[in-house]
Amino acid sequence: MGNRATIEKVLNEEGYYMSTTSGISMWPMLRDRRDTIMITPPEGRLKKYDVPLYRFGEKYILHRIIDVKEDYYVICGDNCIRKEHVKDEQVIGVLTGFYRKNKPVDMSSLRYRMYVRFWCSIYPIRVFFKKVHGKIARGR
C-alpha cells in the first residue's frame, strides 16, 4: 500500500487515500489487486464492523473490527482466523468506500450490512474449516 509517509501525507492533505488492495485477508469482500479502496481519516472511536487501516510495524493492514474494547479494538480479516488487538494510535484511516469493476459498492446498503453480519456470525465455522483444511494440507 505504499510507504507510511505517503499514505499519511495524502490523508492529511487530501482528506482521503485511494489504492488497490494487496493480499487475500479481506476476501471475499476485497479481491487482491482488483478492487479499489477509499480510506479517510477516522473521526472519533471506530465501531464494530468498521474496517480500519492500521499500522503494525512497517506494514499496513486493513481488517474488520469485530469487537470494541475500552482501550483497543479486536480485529480480524474476513479471510483470517487470528484475532488482533489494535490501539487507536495504530489506526491511520478507515475504509469508507470501495469499488468493484469500477462501480462503487454502497457500504450503507442492506446487502452490504447483511454480508458483514453474516460473515462475522459464521466466524466459528470458518475457524473450524480453516483448521481442518490446514491439517489435511499438512497430511495429518
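The structure under discussion appears in the preceding block.
Residues numbered from 1 in each chain as written. Predicted model: local features only at pLDDT ≥ 70, side-chain atom pairs only at ≥ 80, totals over all residues. Heavy atoms only, no water.

> Looking at this structure, I do not really get the sheet that holds strand β6 (residues 73-76). What am I missing?
Within the open sheet, the three strands sit side by side as β5-β6-β7. Their pairing is antiparallel. This sheet does not close on itself; its edge strands, each paired only once, are β5 (64-68) and β7 (84-86). With direction set aside, neighbouring strand axes in the sheet form an average angle of 40°. In the sheet, β5 pairs with β6 via four bridges, with the strands oriented antiparallel. The partner of Arg-64 across the bridge, within β6, is Cys-76. (Pairing = 2+ DSSP bridges. Helix = DSSP H or I, 4+ residues; strand = E, 2+ residues; numbered from the N terminus. Axes fitted to C-alpha atoms, helices over the stretch in contact; angles between N-to-C directions.)

> Looking at this model, I keep getting lost on the side chain of Asn-79. Mind explaining?
Its place among the elements puts Asn-79 in the loop between β6 and β7. Within polar-contact distance, the side chain of Asn-79 engages the backbone oxygen of Ile-24 at 3.1 Å. Dropping the residues within four chain positions of it, Asn-79 is found in contact with Ile-24, Ser-25, Met-26, Trp-27, Arg-126 and Lys-130. (Polar contact = N/O pair within 3.5 Å; in protein donor to acceptor, adjacent residues only side chain to side chain. Contact = heavy atoms within 4.5 Å.)

> Explain the packing of helix α2 (residues 110-121) against helix α3 (residues 123-137) here, please?
Two quantities define a packed helix pair, namely the angle between the helix axes and the distance between the axes. It is the contact of α2 with α3, at a shortest axis distance of 5 Å, that shows an interaxial angle of 55°. Considering the angle they form, α2 stands oblique to α3. Residues Trp-119, Cys-120 and Ser-121 of α2 lie in contact with α3, whose contacting residues are Tyr-123, Pro-124 and Arg-126. The residue makeup of the contact of α2 with α3, split by class, is four nonpolar, one polar and one charged. (Parallel < 35°, antiparallel > 145°, perpendicular 65-115°, else oblique. Nonpolar A, V, L, I, M, F, W, Y, C, P; charged D, E, K, R; others polar.)

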